[in-house]
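Observations on the model geometry
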Amino acid sequence: MRAALYDRYGGSAEVLRIEDIEKPEPGPGEVRVKIEYSGVNPTDWKSRGGSTPRPIDGFQIPHHDGAGLVDAVGDGIDPGRIGQRVWTVLAAAGRCWGTAAECSVVPADRAVPLPDGISAELGASLGVPAVTAHYCLFADGPVEGKSILVAGGAGAVGHFAIELAKFFGARVVTTVSGAEKAQLARKAGADLVVNYREASAAEQIRAFGPIDRVIEVALGANLSLDLAVLRPGGEIVTYAAEPADPSLPVRSCMNANVILRFVLLYGVPADAIQRAARDITTALTAGALTELPVHKFGLDDIAAAQDAVQGGAIGKVLVAPV
Ligand SMILES: NC(=O)c1ccc[n+]([C@@H]2O[C@H](COP(=O)([O-])OP(=O)(O)OC[C@H]3O[C@@H](n4cnc5c(N)ncnc54)[C@H](OP(=O)(O)O)[C@@H]3O)[C@@H](O)[C@H]2O)c1
């Protein structure tokens, strides 16, 4: 099969290459997925570039996210799954068989059935962003009836955080940096969209009411805004590291009785990932999750695809292996 792969860390054009390699067979408890689209996330270029290195066992086919058809199953897996449309979760975590290839092999529970009528483009956009958004939203309890602030609501994680929070009964305010992103955040269903660059951002959010939980993409940049709008004892859940670590205003955090939580998907417990997959399936079936604008690349252009994500492309970057 044709696969994109690398065997050392480095720049995209420098280390990513396309090779014909033997198609992997699924082992016990695994399924093989014929990939229609591979979804690119920031973690993919960070792993490949070596800024957040993950061990390479011989070679690494990049990308965790994908959508396609189960075309083979290993021992212990119902052969009835052959032909099932699925989306993948953490396909390349501790494994060389990422989704940037004609086929990927994953543990059966990391290939989640895609409900009828849901596009492969949306399926390939879900894994890292939607599962991260779900865990950030629910790690501290239900969101029903709560007021949630999603920082960066036009980002991939932010988009699904808005849609999942709304679907599960929250009121959602979100922040963006400009008009194009505001439109995407509104389309995702945010009740209020605020430009965080405006001096009145805190005032606008306070008018929405006290915030119970913040889903945060830039803790250092936004901590004073978050503390200004959070109810006493509220949570700030951070899933991204900025280039420089912030210094923590301990007294202000104490005054707010704030709870800080940090999330990295690679360490999220397996049962929480399965719960996320179930809730995402329910939301998909109800039509509550939507695609961001997609930018499609062929496998030969995988370096450009990863560079587009690194460059902050608005929407989701997908690679079509065939
Ligand atoms: N911890 C985990 O497991 C995990 C999982 C997924 C992603 N991540 C990380 O999370 C980050 C975002 O990932 P993504 O896929 O969602 O990326 P993305 O689609 O590029 O979205 C990032 C969004 O954050 C916005 N943003 C940047 N600075 C902001 C600020 N100060 N306030 C509000 N919004 C701000 C950006 O828009 P503007 O710059 O225009 O504001 C952009 O819309 C990446 O660093 C990624 O590595 C971590």
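Heads up: the structure comes first, above all this text.
These remarks concern the structure in this document. Bear in mind that the values here come from a model prediction, so they are computed numbers and not experimental data. (Residues numbered from 1 in each chain as written. Predicted model: local features only at pLDDT ≥ 70, side-chain atom pairs only at ≥ 80, totals over all residues. Heavy atoms only, no water.)

Strand order across the open sheet formed by six strands is β10-β9-β8-β11-β12-β13, with parallel pairing between neighbours. Across the chains shown, the open sheet's two edge strands, defined by having one partner strand only, are β10 (192–195) and β13 (259–262). Between one strand and the next, the sheet's axes are offset by a mean angle of 20°, whatever the strand orientation. Of the strand pairs in this sheet, strand β9 (residues 171–176) and β10 are connected by four bridges, and their pairing is parallel. Note that in β10 the partner of Thr175 across the bridge is Val194. (Pairing = 2+ DSSP bridges. Helix = DSSP H or I, 4+ residues; strand = E, 2+ residues; numbered from the N terminus. Axes fitted to C-alpha atoms, helices over the stretch in contact; angles between N-to-C directions.)

Moving on to the packing of aromatic side chains. This model, assessed by the stated rule, comprises three aromatic pairs. Between Phe138 and Phe168 the ring centres are 5.4 Å apart and the planes differ by 90°, which places this aromatic pair in the edge-to-face class. In this pair, Phe138 is assigned in helix α3 (residues 120–138) and Phe168 in the loop between α4 (156–167) and β9, connecting sequence segments 30 residues apart. Its relative accessible area of 23% is what places Phe168 among the partly exposed residues. Centroid distance Phe167 to Phe168: 4.9 Å. Interplanar angle 85°. Geometry classified as edge-to-face. Aromatic ring contacts, followed pair by pair, group Phe138, Phe167 and Phe168 into a single cluster. The residue whose ring lies beneath Arg54 is Tyr266, and the NZ or CZ to ring-centre distance is 3.5 Å. (Phe/Tyr/Trp six-rings, centres within 6.5 Å; stacked < 30°, edge-to-face > 60°. Buried < 20%, exposed > 50% of the residue type's maximum accessible area, 1.4 Å probe, protein only. Lys NZ or Arg CZ within 6 Å of the ring centre and 35° of its normal.)

The next point concerns the site of the ligand. Around the ligand, the structure places 22 residues, and the nearest of them are Ser177, Lys181, Tyr196, Tyr239 and Leu265. In this structure, a nitrogen atom belonging to the ligand sits 2.7 Å away from a main-chain N or O atom of Val263. Starting from 910 Å² of accessible surface for the ligand in isolation, the protein chains cover 79%. For the shell around the ligand, the secondary structure elements donating two or more residues are α2 (42–49), α3, α4 and α7 (219–229). Considered class by class, the residues forming the shell around the ligand number 14 nonpolar, six polar and two charged. (Near = heavy atom within 4 Å. Polar contact = N/O pair within 3.5 Å; in protein donor to acceptor, adjacent residues only side chain to side chain. Areas by Shrake-Rupley, 256 points an atom, 1.4 Å probe, with all protein chains shown as cover. Nonpolar A, V, L, I, M, F, W, Y, C, P; charged D, E, K, R; others polar.)

Let's shift gears to the pattern of salt bridges. Between side chains of opposite charge, pairing is possible as soon as their charged atoms come close. With the rule as written, the count across this model stands at 13 salt bridges. Across the pair Asp300 and Arg2 runs a salt bridge whose closest N-O atoms are separated by 2.6 Å. With Asp300 in the loop between β14 (294–298) and α10 (302–310) and Arg2 in strand β1 (residues 2–5), this pair connects stretches of sequence that are 298 residues apart. With relative accessibility at 55%, the residue Asp300 sits in the exposed group. (Salt bridge = Lys/Arg side-chain N within 4 Å of Asp/Glu carboxyl O.)

Moving on to the environment of Asp109. Note that Asp109 resides in the loop between β6 (103–107) and β7 (111–113). Judged by relative accessible area, Asp109 falls into the partly exposed class, the value being 43%. A C-alpha to C-alpha distance of 8.6 Å links Asp109 and Val89, two positions 20 residues apart in sequence.

Here we take up the nonpolar core. Formed by 51 residues in total, the largest nonpolar core has its most connected members in Trp87, Leu126, Ile215, Ile280 and Leu284. If you list the elements that add at least two residues to this core, you get α3, β8 (147–150), α4, β9, α5 (179–188) and α9 (270–285). Counting residues per element, this core draws most heavily on α3, which supplies ten residues. Leu5, Ile21, Ala305 and Val317 belong to the second largest nonpolar core, which has 21 residues in total. (Core = buried A, V, L, I, M, F, W, Y, C linked by side-chain atoms within 4.5 Å.)

Geometric values such as these leave the question of function open.
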